[in-house]
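A look at the structure
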Amino acid sequence: LYPNGYNIKVHENQLSTRFCGAFRPGHFDGVLSVVMKLLNIIKPHRAYFGEKDYQQLRLIEEMVVAYFLETQIVRVKTVRDSTGFALSSRNQLLTQDQILLAQRLNQVLLKAKSAHEAENQLTDFGFKVDYVEDWDGRRLAAATLGSVRLIDNVELK
């Protein structure tokens, strides 16, 4: 996918610098570049992306519009366990105690009256919070337990 190295890339300079992008500079350049290449190679009618990484989903949707791609991006709801905890391969890196604590992430995002209140509650529970922000009708969060960075978002009602 990179015959000339990584000399040419897709770069978005607003949304990609907020939220996760503020903590992972350049990350979304790689995501958008590889998705652009795959969509151009495969030329699918539809491509399915999960809502768990809502920022990434929105960036891909915006890229498809900006570059007049014919692929329809289909949003897929986040898969959750019975407690509402978003399923992710990263969860395997958590200890059993951390999983019990991590299950509070979604509950706090849903029940807190504000992003600030949610951030304070998560900090009190022992999360190292990167951000909790309300944006685009969602409450987005990234927080770390041990060495595992968890992301989630919920629709604001």
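Residues numbered from 1 in each chain as written. Predicted model: local features only at pLDDT ≥ 70, side-chain atom pairs only at ≥ 80, totals over all residues. Heavy atoms only, no water.

**Brief notes about the pattern of salt bridges**
- Evaluation of the coordinates by the stated rule reveals twelve salt bridges.
- Ionic contacts of the salt-bridge type, sharing partners, join the residues R58, E61, E62, R75 and D136 into one network. (Salt bridge = Lys/Arg side-chain N within 4 Å of Asp/Glu carboxyl O.)

**Points about the environment of Y48**
- Relative to the assigned elements, Y48 resides in strand 1 (residues 46-50).
- By relative accessible area, Y48 is classed as exposed at 52%.
- Distance in space between the C-alpha atoms of Y48 and L93 is 26 Å, their sequence separation being 45 residues.
- If near-sequence neighbours (up to four positions away) are discounted, Y48 is found in contact with V74 and V76. (Helix = DSSP H or I, 4+ residues; strand = E, 2+ residues; numbered from the N terminus. Buried < 20%, exposed > 50% of the residue type's maximum accessible area, 1.4 Å probe, protein only. Contact = heavy atoms within 4.5 Å.)

**Details of the pairing of strand 5 (residues 148-155)**
- Strand 5 sits mainly inside the fold: seven of its eight residues count as buried.
- As judged from the eight bridges shared by strand 4 (residues 138-145) and strand 5, these two strands associate in the antiparallel manner. Each residue of the ladder has a partner; that of L145, found in strand 5, is V148.
- Between strand 4 and strand 5, which pair antiparallel one after the other, the connecting turn spans two residues, and G146 there sits at a positive phi close to 60°. (Pairing = 2+ DSSP bridges.)

**A short note on helix 2 (residues 27-42)**
- In a regular helix each residue adds 1.5 Å, so 16 residues correspond to 22 Å; helix 2 covers 23 Å between its end C-alpha atoms and thus fits that length.
- Positive backbone phi, approximately 55°, marks K43, located one or two places after helix 2. (Expected span 1.5 Å × (residues − 1).)

**What to know about the layout of surface pockets**
- What the largest pocket holds in volume is close to 150 Å³.
- Lining the largest pocket we find Y2, P3, N4, G5, N7, I8, K9, V10, S33, M36 and K37. (1 Å grid on protein atoms, 1.4 Å probe; cavity = no way out; pocket = protein on both sides within 12 Å on 5 of 7 lines; lining within 4 Å. Points joined across faces, edges and corners; volume = space filled by probe spheres on them.)

**Details of the packing of helix 5 (residues 104-111) against helix 6 (residues 115-125)**
- Close contact between helix 5 and helix 6 brings their axes to 9 Å; oriented N to C, the two are set at 155°. What the angle tells us is that helix 5 and helix 6 run roughly antiparallel. The element helix 5 and its partner helix 6 pack so that their crossing is right-handed. For the pair helix 5 and helix 6, contact is made by R104, L105, V108 and L109 and by A118, Q121, L122 and F125, respectively.
- Among the residues forming the contact of helix 5 with helix 6, the class breakdown is six nonpolar, one polar and one charged. (Axes fitted to C-alpha atoms, helices over the stretch in contact; angles between N-to-C directions. Parallel < 35°, antiparallel > 145°, perpendicular 65-115°, else oblique. Left-handed = near helix turned anticlockwise from the far one by under 90°. Nonpolar A, V, L, I, M, F, W, Y, C, P; charged D, E, K, R; others polar.)

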